[in-house]
Amino acid sequence: MASSTDPLTLEVVELIGSVVARYHDEYEHAAANHQLTGAQARVLGLLARDPMPMRHIAQKLKCEPSNVTGIIDRLEGRGLVERRPDPADRRVKLAAATEEGARTATLLRESLDFAREPLAALTTEERTTLRDLLQRMVG
């Protein structure tokens, strides 16, 4: 088992940190190009895939539900998100991307080159291995 102080582990941790920092910077820049904060862009990206209750958004983003409420309010004010009753439980409100919100999320995702370009240099087998290793690390 690798020690947290062995040189290889330290190098891997540094490389992961560099990748995360570059991705975060590019994501923030891409969000700003759409007049969104990074948090608003992340919420919009989640909702473009599936409508969900705000408490689930908070769990996914690991933040307070009150923060999510404010983000949803701002996105709703721009016509990118709407609240609707959950068909399975009408007491629950779902946040969902509008058509404009889904379009914006797609444009945002397509503008993220850093995440795609280095991965494009890897073979399908290498990307599969990387995905599997990252899934193991995440748990």
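As shown above, the structure is provided for reference.
Residues numbered from 1 in each chain as written. Predicted model: local features only at pLDDT ≥ 70, side-chain atom pairs only at ≥ 80, totals over all residues. Heavy atoms only, no water.

### Some words on the sheet that holds strand S2 (residues 81-86)
In step 1: Here we have 3 strands laid out as an open sheet, ordered S1-S3-S2, and antiparallel in their pairing. The outermost strands of the open sheet, each flanked by one partner alone, are strand S1 (52-53) and S2.
In step 2: By the bridge criterion, 2 bridges tie S1 to strand S3 (residues 89-97) in an arrangement that is antiparallel. Within S3, the residue paired with Met52 across the bridge is Ala95.
In step 3: The strands touched by helix H4 (residues 65-77) are S2 and S3; relative to S2, the strand with the most contacts, the crossing angle is about 115 degrees. (Pairing = 2+ DSSP bridges. Helix = DSSP H or I, 4+ residues; strand = E, 2+ residues; numbered from the N terminus. Contact = heavy atoms within 4.5 Å. Axes fitted to C-alpha atoms, helices over the stretch in contact; angles between N-to-C directions.)

### Re the packing of helix H2 (residues 38-49) against helix H5 (residues 99-110)
In step 1: Contact geometry of H2 with H5 gives a least axis separation of 9 Å together with a crossing angle of 115 degrees. Looking at the two axes, H2 sits roughly perpendicular to H5. Considering how the two elements wind past one another, H2 and H5 form a crossing that is left-handed. On H5, the residues touching Ala41, Leu44, Gly45 and Ala48 of H2 are Gly101, Ala102, Thr104, Ala105 and Leu108.
In step 2: Residues of the contact of H2 with H5, tallied by class, amount to 6 nonpolar, 3 polar and no charged. (Parallel < 35°, antiparallel > 145°, perpendicular 65-115°, else oblique. Left-handed = near helix turned anticlockwise from the far one by under 90°. Nonpolar A, V, L, I, M, F, W, Y, C, P; charged D, E, K, R; others polar.)

### Considerations on the pattern of salt bridges
In step 1: Counted by the stated rule, this structure contains 7 salt bridges.
In step 2: Across the pair Arg83 and Asp73 runs a salt bridge whose closest N-O atoms are separated by 2.7 Å. In this pair, Arg83 sits in strand S2 while Asp73 sits in helix H4, placing the two residues 10 residues apart along the sequence.
In step 3: Judged by relative accessible area, which is 26%, Arg83 ranks as partly exposed.
In step 4: Between Arg103 and Glu100 there is a salt bridge, and its shortest N-O distance comes to 2.8 Å. Here Arg103 pairs with Glu100, and both are found in helix H5, just 3 residues apart, close to one helical turn.
In step 5: By sharing partners, the salt bridges in this structure join Asp73, Glu76 and Arg83 into a single network. (Salt bridge = Lys/Arg side-chain N within 4 Å of Asp/Glu carboxyl O. Buried < 20%, exposed > 50% of the residue type's maximum accessible area, 1.4 Å probe, protein only.)

### Overview of the packing of aromatic side chains
Each pair of aromatic rings is reported with the distance of its centres and the angle of its planes.
In step 1: This model, assessed by the stated rule, comprises 1 aromatic pair.
In step 2: Ring centres of Tyr23 and Tyr27 lie 5.8 Å apart, and the angle between their planes is 35 degrees; on these two criteria the pair is classed as tilted. Of this pair, Tyr23 and Tyr27 both sit in helix H1 (residues 7-33), separated by 4 residues, roughly a single helical turn.
In step 3: Among the residues examined, Tyr23 registers a relative accessible area of 34% and is labelled partly exposed.
In step 4: Tyr27 gets classed as buried once you look at its relative accessible area, which sits at 11%. (Phe/Tyr/Trp six-rings, centres within 6.5 Å; stacked < 30°, edge-to-face > 60°.)

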